[in-house]
Amino acid sequence: MSHEETNNIQVIPEDKEKTKKIWKVAAILAIVTIIEFIFAFTLPRGIILVSIFLGLTVVKAFYIVAEFMHLKHEQKALIWSIMIPTILILWLVVALMVEGTAIFNIRN
Amino acid sequence: MATIVEIDTTTNSRWGGGVAPMNVSYGKLMMWFFLLSDAFSFSALLITYGLIRYSHPAYQGAVSEFEFSTEYWPIPEMVFEALPFLHGVHAPLIFVGIMTFILILSSVTMVLAVEAGHRMDRKAVIKWMLWTIIGGLTFLACQAWEWSHFIHGTAEGTVNAIGETIYGANLTENQYGPPLFASLFFFITGFHGFHVFSGVVINFIVFFNAVVGTYDKRGHYEMVEKTGLYWHFVDLVWVFVFTLFYLI
C-alpha cells in the first residue's frame, strides 16, 4: 500500500548545472583554506596576518551561508534579520581582541 | 453583534497577514533564528578566547626556536603538530587541515542531499545523507584522537614556574602554555564537537526517515533542508574555530 504510494512519486531528473555550482563553491572553500595554510607558514606573525586570516574567514563564511545555506536567495527581510546581529558580534570579536591587548599593556 | 475583522490587503500586503512574509515555512524560519541564538553562544566563547589570548604575553622569539612554557601563550601550530600513526613527525596543523576538509566535504554532501530532496529523489537523498553521516563520524573520531593526544602530552613534558614537570593538559595544568589555553581548548572544541555529535544523530534520524519513505508520503523533503541548515552551521562554526584557535 504505502509502497505503491512511494512508487508514484515523480522524480525530477538532476540538473547538472546546479550540482556543478555546488562543487564549485566547495572548490573555493578548499582553495581559501589552502591559502590560509600557506600564509600561516610563510608570512611573519603579527597584526597584518591576523587581519588577513579574519578576512579570509569572512570570505569562507560568506560562501557557506550564502550558497550552502541558501541565504543569498531568500527574502531581503530574512537576510537582514540574520546579518545585522551577526555583523555586530563579528565586530565584538575584533573589539575584544583589541581590548585584550589593552589589558595586557596595563598589566605590564 | 458579530465583530468583523477586516484585513487591509491593499496596503503592505506582505506583512498584512495570511502569507508567509519571509517566504519560508515556519520550521525553516525557526531553525534560522535558533542558529542565530546558537551563533551568540559560540561567539561568546570565541570572544572570550580572543580577549584572554591577547591579555596574555605572546612568545617573542623565532618560530623555529619555540619551546613550551607556562609563561606565555603558545603558537598553535607548535601545539597541534602530531599525526596518528606517525609518532615524532613534526607536521604542524596538517591533522586539523584534514579535519577541516572532512567537515567541508560533509557539508557539500549535505547540500547535494537537500538538492536531491527538492527533486523528490529518495535514492539520492539516502546516498548523500549516508555520506554526510560518515563525514560527521570521521570528524568526531579525529577530534577524539586530537583530544587524547592533547591530554596525554609530549614525552618530555614542560617544567613550570615552581620546577615541576607537567605532561599534557587538563583543566588545572597545561604543559603547552597557560592553564586557560587548555581550558578554552576543551570548552570551545568540546562545545563544537557536541554540536557535531547531535548533528550526526539528527542526520541519522532524517536518513532513517528517508529510507522508510516518510518524506515521500509527506510529499516534500523539507526536513532534509532544516537539518541541512543545522549541519552547515556546524561547518561554519568550525571555520571560525579553525581561524581563531589554530591559525592566529
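Everything in this summary refers to the structure shown in the same document. (Residues numbered from 1 in each chain as written. Chains lettered and ligands numbered in written order. Predicted model: local features only at pLDDT ≥ 70, side-chain atom pairs only at ≥ 80, totals over all residues. Heavy atoms only, no water.)

1. Examining the overall build of chain B
Right, on to step 1. The secondary structure content of chain B amounts to 7 helices and 2 strands.
Right, on to step 2. For chain B, the α and β elements follow one another from N to C terminus as α-α-α-α-β-β-α-α-α.
Right, on to step 3. When the 248 residues of chain B are sorted by exposure, 56% land in the buried category.
Right, on to step 4. Of the contacts formed within chain B by residues at least 6 apart in sequence, a portion of 66% connects residues at least 24 apart. (Helix = DSSP H or I, 4+ residues; strand = E, 2+ residues; numbered from the N terminus. Buried < 20%, exposed > 50% of the residue type's maximum accessible area, 1.4 Å probe, protein only. Contact = heavy atoms within 4.5 Å.)

2. Observations regarding unusual backbone geometry
Right, on to step 1. Of note, histidine 70 of chain A is a non-glycine position whose phi angle comes to about 70°, a positive value.
Right, on to step 2. Within the element layout of this structure, histidine 70 of chain A appears in the loop between helix H3 (47–68) and helix H4 (76–107).
Right, on to step 3. Since its relative accessible area comes to 42%, histidine 70 of chain A is described here as partly exposed.
Right, on to step 4. One non-glycine residue, asparagine 23 of chain B, lies in positive phi territory at about 60°.
Right, on to step 5. Inspection of the secondary structure puts asparagine 23 of chain B in the segment before helix H1 (26–54).

3. What about the packing of aromatic side chains?
All names here are of chain B.
Right, on to step 1. In the structure shown here, the tally under the stated rule is 36 aromatic pairs over all chains.
Right, on to step 2. For the pair phenylalanine 68 and tyrosine 176, a centre-to-centre distance of 5.2 Å together with 85° between the ring planes defines the contact as edge-to-face. Of the two residues, phenylalanine 68 is situated in the loop between H1 and helix H2 (76–79) and tyrosine 176 in the loop between strand S2 (165–166) and helix H5 (179–211); the sequence distance between them amounts to 108 residues.
Right, on to step 3. Judged by relative accessible area, which is 23%, phenylalanine 68 ranks as partly exposed.
Right, on to step 4. Between the NZ or CZ atom of arginine 53 and the centre of the ring of tyrosine 54, over which it lies, the distance is 4.9 Å. (Phe/Tyr/Trp six-rings, centres within 6.5 Å; stacked < 30°, edge-to-face > 60°. Lys NZ or Arg CZ within 6 Å of the ring centre and 35° of its normal.)

4. Thoughts on the interface of chain A and chain B
Right, on to step 1. Across the boundary between the two partners, chain A contributes 55 residues, which contact 58 residues of chain B.
Right, on to step 2. Note on chain A versus chain B: buried area summed over both sides is about 5,000 Å², and carbon and sulfur give 79% of it.
Right, on to step 3. It is Phe37, Arg45 and Met69 of chain A that lose the most area in chain A upon contact with chain B, and together they represent 13% of the buried surface on that side.
Right, on to step 4. Between chain A and chain B we count 1 salt bridge in total. (Buried area = accessible area lost by both parts, 1.4 Å probe. Salt bridge = Lys/Arg side-chain N within 4 Å of Asp/Glu carboxyl O.)

5. Considering the environment of methionine 97 of chain A
Right, on to step 1. Position of methionine 97 of chain A among the secondary structure elements: in helix H4.
Right, on to step 2. Once the C-alpha coordinates of methionine 97 of chain A and isoleucine 38 of chain A are considered, the two residues, 59 residues apart in sequence, prove to be 24 Å apart.
Right, on to step 3. Among all residues touching methionine 97 of chain A, those that are not within four sequence positions of it are Gly50, Tyr54, Leu244 and Ile248 of chain B.

6. Observations concerning the nonpolar core
Right, on to step 1. Formed by 97 residues in total, the largest nonpolar core has its most connected members in Phe80, Phe150, Phe181, Val224, Trp238, Phe245 and Tyr246 of chain B.
Right, on to step 2. Secondary structure elements with two or more residues in this core: helix H2 (16–42), H3 and H4 of chain A together with H1, helix H3 (94–118), helix H4 (122–152), H5 and helix H7 (222–247) of chain B.
Right, on to step 3. A total of 17 residues in this core trace back to one element, the largest contributor, which is H7 of chain B.
Right, on to step 4. When we break this core down by domain, the ones giving at least three residues each are domain 1 (20–73) and domain 2 (75–108) of chain A.
Right, on to step 5. Counting residues in each nonpolar core, the second largest holds 5 residues, with Tyr59, Phe66, Ile75 and Met78 of chain B among its members. (Core = buried A, V, L, I, M, F, W, Y, C linked by side-chain atoms within 4.5 Å. Domains from an automatic or database assignment.)

7. Considering the packing of H2 of chain A against H7 of chain B
Right, on to step 1. For the pair H2 of chain A and H7 of chain B, interaxial distance at closest approach is 12 Å and the crossing angle is 10°. Taken together, H2 of chain A and H7 of chain B sit at an angle that is classed as roughly parallel. Contact with H2 of chain A, carried on its side by Thr33, Glu36, Phe37 and Ala40 of chain A, involves Phe242, Thr243 and Leu247 of chain B of H7 of chain B and no other residues of that element.
Right, on to step 2. Across the contact of H2 of chain A with H7 of chain B, the residue classes break down as 4 nonpolar, 2 polar and 1 charged. (Axes fitted to C-alpha atoms, helices over the stretch in contact; angles between N-to-C directions. Parallel < 35°, antiparallel > 145°, perpendicular 65-115°, else oblique. Nonpolar A, V, L, I, M, F, W, Y, C, P; charged D, E, K, R; others polar.)

8. So, H3 of chain A
Right, on to step 1. Helix length check: H3 of chain A (22 residues) gives 31 Å between terminal C-alpha atoms against 32 Å at 1.5 Å per residue, within 8%.
Right, on to step 2. Positive phi appears at histidine 70 of chain A, one or two residues downstream of H3 of chain A, with a value of about 70°. (Expected span 1.5 Å × (residues − 1).)

9. Notes on the pattern of salt bridges
Residues and elements named next belong to chain A.
Right, on to step 1. Summed over all chains, the structure comprises 9 salt bridges over all chains.
Right, on to step 2. The residue glutamate 67 makes a salt bridge to lysine 21 at a minimum N-O spacing of 3.5 Å. One end of the pair, glutamate 67, is in helix H3; the other, lysine 21, is in helix H2, and 46 residues separate them in sequence.
Right, on to step 3. Using a relative accessible area of 42% as the deciding quantity, one classes lysine 21 as partly exposed.

10. Observations regarding H7 of chain B
Right, on to step 1. With 26 residues, H7 of chain B extends 37 Å from end C-alpha to end C-alpha; this agrees with the ideal 38 Å at 1.5 Å per step.
Right, on to step 2. At valine 241 of chain B, H7 of chain B is bent by approximately 25°, the largest bend along its length. (Bend = angle between axes of the 7 residues up to and from the residue.)

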